[in-house]
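Listed below are the residues making up each chain.
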Amino acid sequence: MNTGTASGIMEQKTRKGIHAPLFALWAAMGSMVMMFGSLTSAYIVRQAAGNWLEFRMPDIFYYSTVVILLSSVTLHGSYWAFRNGKETMYKLLLPLTVLLGIGFIIMQYQGWNILYSIGVALDGNPGGSFFYVISGIHAAHVIGGVFALTVAMLHAFTLKYKPTEKRRRRFQLVLHYWHFVDFLWLYLFLFLLIQ
Amino acid sequence: MSSSQQHETDVLIREQGYDDHFHEHHHGDKFQSNFITHYIFSQDHKIIARQFLITGIFWAIIGAGMSIIFRLQLGFPDDSLAWLKPLLGKWITINEAGVGALNPEFYYALVTMHGTIIVFFVLTAGLSGTFANLLIPFQVGARDMASPFLNMLSYWFFFLASVVMFFSLFLSTGPFAGGWTAYPPLSALPEASSGSGAGMTLWLVSLTFFVVSVLLGGINYVTTVLNLRTKGMSLWRMPLTVWALLVTAILGILSFPVLVSGFFLLMFDRGMGTSFYLSEIFVNGHALENVGGSPILYQHLFWFLGHPEVYIIILPAMGLTSEVLSVHSRKPIFGYKAMVYSILAIGFLSFIVWAHHMFMSGVNPFISNFFVIFTLIIAVPSAVKVFNWISTLYKGNIRFTSGMLFAIGFVSMFISGGLTGIFLGNSAIDIQLHDTYFVVAHFHIVMGIAAFFGMFAGVYHWFPRMYGRFMNETMGRIHFWVTMVGAYAIFWPMHYIGMAGVPRRYYRFDTFDAFGHFAGLNEFITVAAIIVFAAQLLFVFNFFYSIWYGRKMTTQNPWGANTLEWTTPIHAGHGNWPGNLPTVHRWAYDYSKEGAEKDFIQQHLPLTDKEKAEAENH
Ligand code: HEM
Ligand SMILES: [Cu+2]
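Conventions and cut-offs
Residues numbered from 1 in each chain as written. Chains lettered and ligands numbered in written order. Predicted model: local features only at pLDDT ≥ 70, side-chain atom pairs only at ≥ 80, totals over all residues. Heavy atoms only, no water. Helix = DSSP H or I, 4+ residues; strand = E, 2+ residues; numbered from the N terminus. Buried < 20%, exposed > 50% of the residue type's maximum accessible area, 1.4 Å probe, protein only. Contact = heavy atoms within 4.5 Å. Donors = N, O, S within 2.8 Å, 3.2 Å for Na, K, Ca; no water. Core = buried A, V, L, I, M, F, W, Y, C linked by side-chain atoms within 4.5 Å. Salt bridge = Lys/Arg side-chain N within 4 Å of Asp/Glu carboxyl O. Axes fitted to C-alpha atoms, helices over the stretch in contact; angles between N-to-C directions. Parallel < 35°, antiparallel > 145°, perpendicular 65-115°, else oblique. Left-handed = near helix turned anticlockwise from the far one by under 90°. Near = heavy atom within 4 Å. Polar contact = N/O pair within 3.5 Å; in protein donor to acceptor, adjacent residues only side chain to side chain. Nonpolar A, V, L, I, M, F, W, Y, C, P; charged D, E, K, R; others polar. Expected span 1.5 Å × (residues − 1). Bend = angle between axes of the 7 residues up to and from the residue. pLDDT = per-residue confidence, 0-100. Phe/Tyr/Trp six-rings, centres within 6.5 Å; stacked < 30°, edge-to-face > 60°. Lys NZ or Arg CZ within 6 Å of the ring centre and 35° of its normal. Patch = residues over 30% accessible without salt bridge, like charges linked within 9 Å, V, L, I, M, F, W, Y side chains within 5 Å. Areas by Shrake-Rupley, 256 points an atom, 1.4 Å probe, with all protein chains shown as cover.

Across its full length, chain A holds six helices and zero strands. Reading the helices (α) and strands (β) of chain A from amino to carboxyl end gives α-α-α-α-α-α. Each principal axis of the C-alpha atoms in chain A carries an extent, and together these give about 60 × 35 × 30 Å. Looking at chain A as a whole, 53% of its 195 residues are labelled buried. A separation of at least 24 residues holds for 82% of the contacts in chain A among residues at least 6 apart in sequence.

Now the structure itself:
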């Protein structure tokens, strides 16, 4: 809209040495932590009240966990390659990450189907409902991440390769968010496993 | 400030200010010249502040108007309300004798909407939205928010939330009617009451948009304060307004997502057949299938937001009050650091007291003890702040402007309401007081009235900064005195009614043997409420009248204040300072400093040699 002024205002962003958009992302991640923290606390509170369905987590969730952890590794590799002038590797690992991300979501979906087939229903005992809701809301966050990765990928393939400071920072945003949803899943996975 | 001093300020900023190369990018606001991008989809924090304020005023009129209607019902339960038929339509039923009665279901809807509107739309969006936007960039010396675009979105999500909620008022089944806290089962079962269907669905949609708005705004405010302060503006030089707004934003970022979790589970219960909050319920004689849910779980999730939310409402008002008190006492704020630590302590403690709203819900009494202790501890930083405000006034060279009157009124209200909180915080006393008018009196005085007073103090004080004109002082003073006396007249008697055990949210009391004798008091309260409402209309008139016809502001710094917003041109463009940003050399409270030629020294003025020598000796 008012690009003239806006860019003048953007100029201010690094005044205090911290990159403002990255800082804002971290604040947003703090708010997501609170959201998942409250969901898992609600889980504990409700579970303590008894009448709770116990079931074994389908194996596919173990595999999906490996997949999303792997995607963090590939993304970090891509970021490293981007910074160190390894263009091919950068352009190779980024789409791979996207694929792993999509793979994760498909596997979660498969997992829900398996759960349903063994009699754990969304509208049944809260023990099952919580599992669906927590993993479902997490999956929604991953889908957001896949979109961000896709944008990063489009940048990689449409813009001429240039590891400028500006593009590094843009990449960094995706990188941090993706690591975040990854470790968030690790926490949720272990939480649901131990419970 | 005379025009020569104003010139001095401009020269000083030009010569010593911080050059952020604003000029090279600032090609005049050529894209802002049309009406749509300048006034509607504006990204300028100053315009967005006004948008929040005016939307807040709109909602305040509706929310307060609703309270007048249900107060009429409570004060005069037998009188005819037929004259409201043109406004309320089918919600007024007229019997053969021609006496119009308010539909009881709609009475609940009015009480519910009154709470929702005032708490979220007026005192959260209208208050933080307005003053965080107006003051944060100005007072930290920034061109605008970290992301002007997200900031604009924050307003438009609030607007969307407003549209949805407003629409819900006109549903044929009525808006949601289960109380502003939306406890299940009334909120979880669409068939539970007429407002629980479409009304509740829209309530949830609206508040979800609202939370998005709060998060977008809050993330922006925190980022701006922590990253975009001008040169020399260290954290310990920030005015208390900025500190308060910063902590408010942090509370919002951390607590609203928890409400969203609660809402998600509620949505699943409503739409997907889950039983998070529902168990063994009969509706219209039919047993529902849901088993295993816990309505208390919702209360935990709600109040985990709900209690920080009351501080989200009061902290900005505290910040505004501190600033206005100091400026108009011509004295430094007393105990600046203690004020900051109190704000931080209140912010922290507000997260670990939520169950004091649930003492009577059957939670374990041992757990209650834990919450009693933390609840009572909150009184300590609160008392520190009160002490400091009063000490700031002590021996001050006080100027009783309308803004100052409201700031003093804030302190009075905060004391009165805070004291009753200490009664409620004891779980044993709460057995008698819970869900009575005592609670209503407590939170209206400490939150409702006090936060409104802080907001009024802010509006009167910063009106010139927003509109380049002053509000009318005579009308302002009438507004203050009527509101001050009237608010006590409304809420003081409610304590007695509450101690007698009169429950809140009932439709009428005259039919109860135990409560019937309060009829006279209830009439008195209603009359007082009508008078106070009329005084608010005077404020609204004054506000809009002054935008166009108020006395013009002729100097940049009419109050002789130290903060940076008073160093910008009267009609500042987008970017706030035309050239360099001011560099900050001192804290915001150098008022009546010994040896200084004036009774205020603005933050961008360099230290004198004497001050430098003193600083070195420390
Ligand atoms: C000294 C500090 C305070 C203490 C000890 C305190 C204590 C309490 C307690 C125990 C209750 C629950 C009463 C019940 O439902 O039975 C309560 C209700 C409430 N308080 Fe406070 N309070 C304090 C200050 C505040 C402040 C500063 C605000 C807002 C700015 C506030 C807003 C509210 C609200 C909104 C409710 C009622 C909510 C509802 O049930 O609808 N309180 N307070
Ligand atoms: Cu509380």
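This next bit is on the coordination of the copper ion (ligand 2). Residue and element names in this part refer to chain B. Taken together, His307 (ND1), His356 (NE2) and His357 (NE2) make up the protein donors of the copper ion (ligand 2), found 1.8 to 2.1 Å from the metal. Donor residues binding the copper ion (ligand 2) come from one chain and are separated in sequence as H-x48-H-H. Here the iron atom of ligand 1 and the copper ion (ligand 2) are spaced 4.6 Å from one another. Of the two residues, His307 is situated in helix α10 (residues 295-329) and His356 in the loop between α11 (336-349) and α12 (365-393); the sequence distance between them amounts to 49 residues. His356 shares its class with His307; the two are buried.

This part is about the nonpolar core. Residue and element names in this part refer to chain B. Leu102, Trp203, Phe210, Phe256, Trp389, Phe410 and Phe543 are the most contacted members of the largest nonpolar core, which has 261 residues in total. By residue number, the principal contributor to this core is helix α6 (residues 104-140), which donates 22 residues. Sequence-distant contacts of Trp389, defined by excluding residues within four places in its chain, comprise Met318, Thr321, Ser322, Leu325, Ile333, Met339, Phe410, Val411 and Phe414.

Let us now look at the pattern of salt bridges. All names here are of chain B. Summed over all chains, the structure comprises 14 salt bridges over all chains. Of the charged contacts, one joins Arg504 and Asp435 as a salt bridge, the two residues approaching to 3.6 Å between their closest N and O atoms. With Arg504 in the loop between α16 (473-499) and α17 (519-549) and Asp435 in the loop between α14 (427-433) and α15 (437-467), this pair connects stretches of sequence that are 69 residues apart. Here Lys593 ties to Asp590 by a salt bridge, and the two come within 3.8 Å at their closest N and O atoms. Through salt bridges with shared partners, a single network forms among Arg586, Asp590, Lys593 and Glu611.

Let us now look at the coordination of the iron atom of ligand 1. For a metal with four tetrahedral donors the ideal donor-metal-donor angle is 109.5 degrees, whereas six octahedral donors ideally subtend 90 or 180 degrees. A lone protein donor contacts the iron atom of ligand 1, and this donor is B:His442 (NE2), found at 2.1 Å. Along the polypeptide, B:His442 turns up in helix α15.

Before going further, it helps to examine the environment of B:Ala182. All names here are of chain B. Structurally, Ala182 is set in the loop between α7 (148-168) and α8 (198-227). Overall, the relative accessible area of 0% leaves Ala182 in the buried class. If sequence neighbours within four positions are ignored, Ala182 has contacts with Phe176, Ser187, Met200, Trp203 and Tyr298.

Residues and elements named next belong to chain B. As a packed pair, α7 and α8 sit with axes 8 Å apart at the nearest point and diverge in direction by 160 degrees. With respect to each other, α7 and α8 are oriented roughly antiparallel. Crossing handedness for the pair α7 and α8: left-handed.

Residues and elements named next belong to chain B. Taken together, 22 residues lie near ligand 1, and Trp180, Asp430, His434, His442 and Arg504 sit nearest. Measuring from an oxygen atom of ligand 1, one finds a side-chain N or O atom of Asp430 at 2.5 Å. Contact between ligand 1 and Arg504: an oxygen atom at 2.9 Å from a side-chain N or O atom of the residue. Breaking the shell around ligand 1 down by element, the ones donating at least two residues are α10, α13 (402-424) and α15. When grouped by side-chain class, the residues that make up the shell around ligand 1 number 12 nonpolar, eight polar and two charged.

All names here are of chain B. Here helix α9 (residues 240-271) contains 32 residues, and its C-alpha end-to-end distance of 45 Å stays within 8% of the 46 Å for a straight helix at 1.5 Å per residue. Taking the largest bend as the criterion, α9 deviates by roughly 25 degrees, centred on Ile253, and proline Pro257 comes between one and four positions later. Along α9, 26 of the 32 residues are buried, which leaves the element largely enclosed by surrounding structure. Within two residues after α9, Gly273 carries a phi angle of roughly 80 degrees, on the positive side.

Residue and element names in this part refer to chain B. Per-residue confidence for chain B gives a mean pLDDT of 92; residues scoring 70 or more make up 97%. Taken as a whole, residues 26-31 scores under 50 in pLDDT and shows 11 contacts with residues more than four places along the chain or in a different chain. Reported for the predicted complex are a pTM of 0.93 and an ipTM of 0.89.

Bringing the packing of aromatic side chains into the picture now. Residue and element names in this part refer to chain B. Per the stated rule, a full pass over the model turns up 93 aromatic pairs over all chains. With centroids separated by 6.4 Å and ring planes inclined at 90 degrees, the aromatic side chains of Phe138 and Trp577 adopt a geometry described as edge-to-face. Placement of Phe138 in helix α6 and of Trp577 in the loop between α17 and α18 (609-617) is noted, with a sequence separation of 439 residues between them. On the accessibility criterion, Trp577 (2% relative accessible area) is buried. With a centroid separation of 5.0 Å and 70 degrees between ring planes, the pair formed by Trp354 and Phe371 is classed as edge-to-face. Of this pair, Trp354 sits in the loop between α11 and α12 while Phe371 sits in helix α12; the two residues are 17 residues apart in sequence, bridging distant segments of the chain. Judged by its relative accessible area of 18%, Trp354 is buried. In this structure Phe371 comes out as buried when scored by relative accessible area, which is 6%. Note that Lys337 overlies the ring of Trp236, its terminal NZ or CZ placed 4.6 Å from the centroid.

To continue, consider the side chain of B:Ser255. Assignment of secondary structure puts B:Ser255 in helix α9. Beyond its immediate chain neighbours, meaning those up to four positions away, B:Ser255 contacts B:Phe304, B:Leu305, B:Pro308, B:Ile312 and B:Phe351.

For residues that are not glycine, phi is negative in most cases, and the peptide bond is trans in most cases. Residue and element names in this part refer to chain B. The linkage connecting Pro184 with the following residue, Pro185, adopts the cis geometry, with an omega of 5 degrees. Along the polypeptide, Pro185 turns up in the loop between α7 and α8. For Glu280, which is not a glycine, the phi torsion comes out positive at approximately 45 degrees. Checked against the element boundaries, Glu280 lands in the loop between α9 and β3 (282-283). On the basis of relative accessible area, Glu280 is assigned to the exposed category, the value being 62%. Even without being glycine, Arg330 reaches a positive phi, approximately 55 degrees. Along the chain, Arg330 falls in the loop between α10 and α11. Residue classification places Arg330 among the buried residues on the basis of a relative accessible area of 3%.

So, about a nonpolar patch on the surface. Residue and element names in this part refer to chain A. On the surface, a nonpolar cluster with roughly 510 Å² of combined accessible area is contributed by Tyr62, Tyr63, Leu190, Leu193 and Ile194. Going through the elements one at a time, α3 (60-83) and α6 (165-194) are the ones with two or more residues in the nonpolar patch. Broken down by element, the residue count for the nonpolar patch peaks at three residues, all from α6. Tracing the chain through its elements places Ile194 in helix α6. The class for Ile194 is exposed, based on a relative accessible area of 68%.

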